[in-house]
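# Fold and geometry: a report
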Amino acid sequence: MKLDHWKIIAGLLVVILVLSCILWYRGLRQPTPNPDAPSFADTIRKSQRRADQLADTTAKRNKDYEAKDQNYNNWDPASPARDSLGARIWRDAQAKDSLRKRAP
């Protein structure tokens, strides 16, 4: 019985060795590098150049965004305009409510 186990294990190892040799010769090897492909450093430099070109557009738009942001940040919630608007809304609601109460 012990010989049968060793024969099975040896047979599997031979099959694995043969399959690995076949795959190696068929092209499961490390591909040769493409000489025309840009290197990693080249792609980083290209991205930096593109970011520098787009920085002017971003700076122009950023001024508009900051100005509008300041309007929202500096808005006073307790301003008289808000109080008068709230009073007007409350008055209109009361008037409509009183009309509803009077309706048959």
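Here we take up the overall build of the chain. Helix and strand content of the chain: three helices and zero strands. The N-to-C order of helical and strand elements in the chain reads α-α-α. By residue count, 1% of the 104 residues in the chain fall in the buried class. Total accessible area on the chain stands at roughly 10500 Å², and carbon and sulfur atoms take up 61% of it.

Our next topic: the confidence of the model for the chain. In this model, the chain carries an average pLDDT of 78, and 75% of its residues clear a pLDDT of 70 or more. Confidence, expressed as mean pLDDT per element, reaches its minimum in the chain at helix 3 (residues 80-102) with 73 and its maximum at helix 1 (residues 2-26) with 87.

Judged by side-chain polarity, Val14, Val15, Val18, Leu19 and Ile22 come together as a nonpolar surface patch covering roughly 420 Å² of accessible area. With respect to the helices, strands and loops of the structure, valine 14 is situated in helix 1.

Turning our eyes to something else, we now look at the pattern of salt bridges. Tallied over the entire structure, the rule returns one salt bridge. A salt bridge links aspartate 42 to arginine 45; the nearest nitrogen and oxygen atoms lie 2.8 Å apart. Residue aspartate 42 and its partner arginine 45 are both found in helix 2 (residues 40-73); the two are separated by three residues, about one turn of the helix. Classification of aspartate 42 by relative accessible area gives partly exposed; the value is 35%.

Here helix 2 spans only 43 Å end to end across 34 residues, well under the 50 Å set by a 1.5 Å rise per residue. The sharpest bend along helix 2 comes to roughly 35°, located at leucine 54.

Criteria and thresholds
All residue numbers refer to position in the chain's written sequence, counted from 1. Only residues with pLDDT of 70 or above have their local features reported here, since the model is predicted, and side-chain atom pairs are shown and tallied only from 80 upward, although totals for entire chains, interfaces and linings are computed over all residues. Only hydrogens and water are set aside; all other atoms, that is, all heavy atoms of the structure, feed into the side-chain values. Strands are runs of DSSP state E lasting at least 2 residues, helices are runs of H or I lasting at least 4, and numbering of each runs from the N terminus. Accessibility here uses a 1.4 Å probe with only protein chains present; expressed as a share of the type maximum, an area under 20% marks a residue as buried, one over 50% as exposed, and anything in between as partly exposed. Here the Shrake-Rupley method, with its probe set to 1.4 Å, supplies the accessible areas, and only the displayed protein chains count as covering residues. You can read pLDDT as the predictor saying how much it trusts each residue, on a scale of 0 to 100. Patch definition: residues with relative accessible area over 30% and no salt bridge; like charges joined within 9 Å; nonpolar side chains (Val, Leu, Ile, Met, Phe, Trp, Tyr) joined within 5 Å. For salt bridges, the criterion is a side-chain nitrogen of Lys or Arg within 4 Å of an Asp or Glu carboxyl oxygen. Multiply 1.5 Å by the residue count of a helix minus one, and that product is the helix's expected span. Axes are fitted to the seven residues ending at a residue and to the seven starting at it; the angle between these axes is taken as the bend at that residue.

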